[in-house]
Amino acid sequence: VKPMTPRCSVPKAVPVGKSASLHCHENEGFPKSTYSWYRNSEPLSPDSKAKSHNSSYTLNPATGTLVFHAVHKGDTGRYSCIATNDAGFAKCEEQEMEV
């Protein structure tokens, strides 16, 4: 079963240096979906060591949770999430997070 459009929750504004949690979830898909996050349409690597800027975050593809340990200005942007399984994928609306 193809995933439904996931529900994404993205904080609107986060102070510099604070942590931020972004969540993405859908429960219609079978088999269970895996989740990937995008900032300004660029994929975020599940391994933050392969980062293109000096942000530290943890991305759990199984739960759809993206946690920034200490946000900085470079983390500002439009975030969206895609739920994927063998039957297809679905994407939530982009949401702005300001730092």
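Residues numbered from 1 in each chain as written. Predicted model: local features only at pLDDT ≥ 70, side-chain atom pairs only at ≥ 80, totals over all residues. Heavy atoms only, no water.

An unreviewed UniProt entry annotates the chain as JAM3 protein of Sylvietta virens. Recorded in UniProt for the chain, the comment headed Sequence similarities (unreviewed entry) runs: "Belongs to the immunoglobulin superfamily." (UniProt positions renumbered as here; feature names shortened; annotations may be inferred.)

With that out of the way, let us pick up the pairing of strand β6 (residues 65–68). Two elements, strand β2 (residues 20–25) and β6, share 3 bridges in a ladder whose sense is antiparallel. Its bridge partner being in β6, L22 is matched across the sheet by L66. Two strands pair when backbone bridges link them, and strand β5 (residues 57–60) and β6 are joined in this way by 4 bridges, in the antiparallel orientation. Bridge pairing in β6 places T58 opposite V67. Taking the residues between adjacent antiparallel strands as the criterion, β5 and β6 are bridged by 4 residues, where G64 takes a positive phi near 80°. (Pairing = 2+ DSSP bridges. Helix = DSSP H or I, 4+ residues; strand = E, 2+ residues; numbered from the N terminus.)

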